[in-house]
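# Observations on the three-dimensional arrangement
The lines below spell out each chain.
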Amino acid sequence: QVQLVESGGGLVQAGGSLRLSCAASGSTFSANAMDWFRQASGKQRELVASITSGGNTNYGDSVKGRFTISRDNAKNTVYLQMNSLKPEDTAVYYCSTYGRSSLRRYWGQGTQVSVSS
């Protein structure tokens, strides 16, 4: 029922910026908390940032002060603005949300972010 599609990944140099987008369909987007996760090669998937339906945000310690999550309910889209990128930010970034009706977490296909030193 819930479909999520990420875009905006790419290759940047350390210190650069990228803006990721996640377009949602098949759900009442405005009522859902939205999350960004990332998974580096050979490592566990980790939570990067979250935003509630009311706009409250939380960030992982490693990205706090550099990344900003936001949402545009009119466009059914959540964003992740990534500034001051570091090589350790290199990962596949996934948009995700929890479906209250289905009691399961939904995932996008992921978008690759690569940061060169």
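Every value quoted in this text rests on a predicted model; they were computed, and no experiment measured them. Note on numbering: residues in each chain are counted from 1, in written sequence order. Predicted model: local features are reported for residues with pLDDT of at least 70 only, side-chain atom pairs are reported and counted for 80 or more only, and whole-chain, interface and lining totals are derived from all residues. To get the side-chain values, all heavy atoms of the structure are used, and hydrogens and water are removed first.

## Points about the packing of aromatic side chains
- Classification of ring pairs uses Phe, Tyr and Trp, with its six-membered ring standing for Trp, and accepts pairs whose centres are within 6.5 Å; under 30 degrees between planes counts as stacked, over 60 as edge-to-face, and the remaining range as tilted. Here the structure, examined in full by the defined rule, presents two aromatic pairs.
- Their ring planes at 90 degrees and their centres at 6.4 Å tell us that Tyr94 and Trp107 sit as a pair that is edge-to-face. Placement of Tyr94 in strand E9 (residues 91–99) and of Trp107 in strand E10 (residues 104–107) is noted, with a sequence separation of 13 residues between them.
- Relative accessible area decides the class of each residue, using a 1.4 Å probe on protein chains only: under 20% of the type maximum gives buried, over 50% gives exposed, and in between gives partly exposed. For Tyr94, a relative accessible area of 14% corresponds to the buried category.
- Take Trp107: its relative accessible area is 34%, and that puts it in the partly exposed class. Going along the chain from the N terminus, every DSSP run of H or I of four or more residues is numbered as a helix, and every run of E of two or more is numbered as a strand.

## Remarks on the nonpolar core
- In terms of nonpolar packing, the biggest core is built from 26 residues, with Trp36, Val78, Leu80, Met82 and Tyr93 touching the most fellow members.
- If you list the elements that add at least two residues to this core, you get strand E3 (18–25), strand E4 (34–39), strand E5 (46–51), strand E7 (67–72), strand E8 (77–82), E9 and strand E11 (111–116).
- In terms of residues, this core owes the most to one element, E3, which gives four residues. By convention a nonpolar core is built from buried Ala, Val, Leu, Ile, Met, Phe, Trp, Tyr and Cys residues, the set being connected through side-chain atoms within 4.5 Å.

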